[in-house]
Amino acid sequence: MAQKGVQLERETFSCSICLDLLKDPVTIPCVHSYCLNCIKTHWDEEDQKKLYSCPQCPFTLRPVLVKNTMLAVLVEELKKTGLQIAPADHCYAGPEDVACDFCTGRKLKAVKSCLMCLASYCEKHLRPHYDVAPLKKHKLVEPSKNLQDNICSRHDEVMKMFCSTDQQSICYLCSVDEHKGHDTVSAAAERTERQRELEGSRQKIQQRIQDREKDVKVLQQEVEALNRSAEKTVEDSEKIFTELIRLIEKRSSEVKQQIRSQQETEVSRVKELQEKLEQEITELKRKDAELEQLSHTEDHNHFLHNYPSLSQLSESTDTSSINIRPLRYFEDVTAAVSELRDQLQDILRQTWTNISSLVTEVDVLLPQPEPETRAGFLKYSCEITLDPNTANENLLLSEGNRKVKVMSQKRLGHFLHPGMFPYLFQVQSRESLPGRCYWEVEWRGTGVNVAVTYNSISKFRDFDEYIFGRNDKSWALKCTPTSFTFCFDNIETPVSGPQSCRIGVYLDHRAGILSFYSVSETMTLLHRVQTSFTQPLYAELRFFDCGSTAELCKLPSSH
């Protein structure tokens, strides 16, 4: 009650022009009181109109001002009590605040905006909206600087409708004018619909946040597993290498260096992606907060104006969740080193490349998508040579063991090597294929099988079983001048595509992808294999008849 009394005194003894305690108070004929300087300044501005007024009362002649002695005494007494009429500084509107449209002089902060009046009010000037019956029906919202956005620039009317056809806010006159015949609804109805969409957007954001948080945890676990595997592999490989001769000791140092390097590279890549995911989570939370704030605004048009830009979700750095396959990481290196120890120098030449490729194949992150252009494939081009020790005795190798021709007679001076294909015109690559690679084969003659195979395929088993494509250890594309056929596990599948004497092969060992392409002016996918490769792979060629040739092409690298 005491506070109400103080408030009444402030209103009674304050000047409605400067909003401060009355200074030299004067009373004008309408019995309103003002500071002497305030009312004089107000009337000085109206001299040219010859029509003088207070905020409510007009005059035809400028009144003579007489000091209100009694009021002046009361004001002085109030000053002695220490009563401060002027609001505190924080009550006045700053540059970032919405100011009261009815305050004169220094404006107070608005506490509400009226969507009907299209004006903002401080507490004092807002009071009629609570006291006057017609004003009570007006729509009051939080203070807004965007009230003029609710006015139709064409008809100067409040925009209470929304044109779904043109996706814009309109007034009633617009609906019967340039928007006649369009699909229109009330702004409130459109807001309701968009509000539902907003909730859907928030649910998607929240779900993505949860997915990314799970991905971060998965990556943390992968870093730990990767480190454990690397440490164990280093320890095991060192034990094996200590048993080898001095030549093997040199290789041991190189393997250790590769493992450490790949370990550091993969851990760095995982942590980099982890940081990106955490940044994305932060950004998604910020976006969610903005949408939440927008969902609470009561200004429909402000909502409709800002929703489209805020509702758009940027593409994710990685649109799919991290899905790490169970891997053995560096364990294959240990197995390869053991094989190297057992087979000594003759096997070292082939197996060393295998060790290096297995180290680099450790890839915790998701496989890269298959390229879409030849330039993209060339980024993974690899140089492959054929192994003379595996070549059938009727095959003649040349061009640095990249080109092979089927001869009608056996090679001179040949000898039976344990790795040679004795019965069919087949040959295997010297090197195992790196984890992600691309190569091309150009062929001539009656036909050729372009294949990849595990090295474990036996060279001296039953005739049919070691033919490429006749077992579950090799995948072959049979090429003839008139057709293509894919062969695997003794099943032949006809393949359609443009005939070409050049075949492109793309391998992603970790992703389990093997693709064959017809290469001419363009690249056409002939067949794609999706499987799980469990061993290192080698490139293979098989010919049907004498006179046929094939060459592993030298490709321009796009690295």
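Residues numbered from 1 in each chain as written. Predicted model: local features only at pLDDT ≥ 70, side-chain atom pairs only at ≥ 80, totals over all residues. Heavy atoms only, no water.

Asker: Before we move on, could you go through the overall build of the chain and cite the residues and values that matter?
Answerer: A count of helical and extended segments in the chain gives eleven helices and 23 strands. Counting over 559 residues, the chain shows a buried share of 44%. Working note: accessible area of the chain is about 30200 Å², and carbon and sulfur atoms make up 51% of it. (Helix = DSSP H or I, 4+ residues; strand = E, 2+ residues; numbered from the N terminus. Buried < 20%, exposed > 50% of the residue type's maximum accessible area, 1.4 Å probe, protein only. Areas by Shrake-Rupley, 256 points an atom, 1.4 Å probe, with all protein chains shown as cover.)

Asker: I'd like a description of the pairing of strand 19 (residues 502-508), backed by residues and values.
Answerer: Counting buried positions along strand 19 gives six out of seven residues, so the element sits mostly inside the fold. By the bridge criterion, seven bridges tie strand 14 (residues 436-444) to strand 19 in an arrangement that is antiparallel. The residue of strand 19 that forms the bridge with Trp439 is Val505. With antiparallel pairing between neighbouring strands as the criterion, strand 19 and strand 20 (residues 513-519) make up a hairpin whose turn holds four residues, including Gly512 at a positive phi of roughly 75 degrees. (Pairing = 2+ DSSP bridges.)

Asker: Give a detailed account of the state of the cysteines, specifying residues and quantitative values.
Answerer: Applying the stated rule across the entire model yields zero disulfides. In this structure Cys174 is a free cysteine whose sulfur lies 3.5 Å from that of Cys152, the closest cysteine sulfur available. The buried category is assigned to Cys174, whose relative accessible area is 3%. For the unlinked cysteine Cys437, the closest cysteine sulfur is that of Cys382, found at 4.1 Å. (Disulfide = S-S within 2.5 Å.)

Asker: So what about the confidence of the model for the chain? Which residues, and what values?
Answerer: In regions of low pLDDT, the predicted coordinates are not meant to be interpreted in detail. Per-residue pLDDT for the chain has a mean of 80; in total, 81% of the residues score no lower than 70. Of the regions scoring below 50 in pLDDT, residues 1-8 engages in one contact with residues more than four places distant in sequence or in other chains. (pLDDT = per-residue confidence, 0-100. Contact = heavy atoms within 4.5 Å.)

Asker: Explain the side chain of Ser113 to me, using residue names and the numbers behind them.
Answerer: Residue position: Ser113 is located in strand 5 (residues 112-114). The class of Ser113 is buried, set by a relative accessible area of 0%. Within the structure, Ser113 has its side chain in polar contact with the side chain of Ser120 (distance 2.7 Å). A distance of 2.9 Å separates the side chain of Ser113 from the backbone nitrogen of Ser144, its partner in a polar contact. (Polar contact = N/O pair within 3.5 Å; in protein donor to acceptor, adjacent residues only side chain to side chain.)

Asker: Quick one: what's the story with the UniProt feature "coiled-coil region" (unreviewed entry) in the chain, residue by residue and with numbers?
Answerer: Listed under "coiled-coil region" (unreviewed entry) in the UniProt record, and renumbered for this structure, are residues 202-236 and 260-297. End-to-end, the C-alpha atoms of residues 202-236 are 51 Å apart, and along that stretch the chain is 100% helix and 0% strand. Helix makes up 95% of residues 260-297 and strand 0%, whereas the separation of the span's terminal C-alpha atoms amounts to 56 Å. (UniProt positions renumbered as here; feature names shortened; annotations may be inferred.)

Asker: Please give an account of the sheet that holds strand 8 (residues 161-163) that cites residues and values.
Answerer: With antiparallel pairing, three strands are arranged side by side in an open sheet as 9-8-10. Every other strand in the sheet has two partners, leaving strand 9 (168-170) and strand 10 (184-186) as the edge strands with one partner each. Direction aside, the axes of adjacent strands within the sheet are offset by 35 degrees on average. (Axes fitted to C-alpha atoms, helices over the stretch in contact; angles between N-to-C directions.)

Asker: Tell me what's going on with the environment of Leu108, and back it up with residues and numbers.
Answerer: Its location among the elements puts Leu108 in the loop between helix 3 (69-80) and strand 5. On the basis of relative accessibility, which here comes to 15%, the residue Leu108 falls in the buried class. Along the sequence, Leu108 and Val98 sit ten residues apart, while their C-alpha atoms lie 8.7 Å from each other.

Asker: Just give me the short version of the nonpolar core, but keep the residues and values in it.
Answerer: For soluble globular proteins, the rule of thumb is that nonpolar side chains tend to be buried together. Counting 39 residues, the largest nonpolar core has Leu433, Trp439, Trp475, Ile503, Leu514, Leu541 and Phe543 as its most contacted members. Leu219, Ile240, Phe241 and Tyr307 belong to the second-largest nonpolar core, a separate cluster that totals 37 residues. (Core = buried A, V, L, I, M, F, W, Y, C linked by side-chain atoms within 4.5 Å.)

Asker: Describe in detail helix 2 (residues 36-44), supporting the description with residues and values.
Answerer: The α-helix advances 3.6 residues per turn, and as a result positions three or four apart in sequence lie on the same side. Among the residues of helix 2, those classed as buried are Cys38, Ile39 and Trp43. Taken down its axis, helix 2 places every buried residue within 125 degrees of arc, on the same side. (Arc of directions from axis to C-beta.)

Asker: Report on unusual backbone geometry, specifying residues and quantitative values.
Answerer: A positive phi angle is found at Glu399, which is not glycine, with a value near 55 degrees. Given a relative accessible area of 47%, Glu399 falls into the partly exposed group. Phi at Asn401 is positive, roughly 65 degrees, even though this residue is not glycine. Position of Asn401 among the secondary structure elements: in the loop between strand 11 (395-398) and strand 12 (403-406).

Asker: Kindly report on the sheet that holds strand 5, identifying the contributing residues and their values.
Answerer: Spatially, 6-5-7 is the arrangement adopted by the three strands of the open sheet, whose pairing is antiparallel. Every other strand in the sheet has two partners, leaving strand 6 (119-121) and strand 7 (140-141) as the edge strands with one partner each. Pairing of strand 5 with strand 7, which is carried by two bridges, proceeds in the antiparallel orientation. In the strand pairing of strand 7, Cys114 is matched with Leu140. In the packing of helix 4 (residues 123-131) onto the sheet, contacts are made with strand 5, strand 6 and strand 7, and the angle to strand 6 comes to roughly 110 degrees.

Asker: With reference to specific residues and values, describe the packing of aromatic side chains.
Answerer: In this structure the tally under the stated criterion is ten aromatic pairs. Ring centres of Phe102 and Tyr121 lie 5.1 Å apart, and the angle between their planes is 10 degrees; this geometry places the pair in the stacked category. One end of the pair, Phe102, is in the loop between helix 3 and strand 5; the other, Tyr121, is in strand 6, and 19 residues separate them in sequence. Judged by its relative accessible area of 45%, Phe102 falls in the partly exposed class. Since its relative accessible area comes to 6%, Tyr121 is described here as buried. Measuring from centroid to centroid gives 5.2 Å for Trp475 and Phe488, while their planes differ by 10 degrees, and the two rings are stacked. (Phe/Tyr/Trp six-rings, centres within 6.5 Å; stacked < 30°, edge-to-face > 60°.)

Asker: Now, about the pattern of salt bridges: what can you tell me, with residues and values included?
Answerer: Going through the model one piece at a time under the given rule, you end up with 27 salt bridges. Across the pair Asp97 and Lys109 runs a salt bridge, and its minimum N-O distance is 4.0 Å. Remark: Lys109 occurs in the loop between helix 3 and strand 5 and Asp97 occurs in the loop between helix 3 and strand 5; sequence separation between them is twelve residues. Owing to a relative accessible area of 29%, Asp97 belongs among the partly exposed residues under this scheme. For Lys109, a relative accessible area of 32% puts it in the partly exposed group. Taking the shortest distance from any N to any O, the salt bridge between Glu442 and Arg502 comes out at 2.7 Å. Of this pair, Glu442 sits in strand 14 while Arg502 sits in strand 19; the two residues are 60 residues apart in sequence, bridging distant segments of the chain. Beyond isolated ion pairs, a larger network of salt bridges with shared partners links Arg374, Glu440, Glu442, Arg444 and Arg502. (Salt bridge = Lys/Arg side-chain N within 4 Å of Asp/Glu carboxyl O.)

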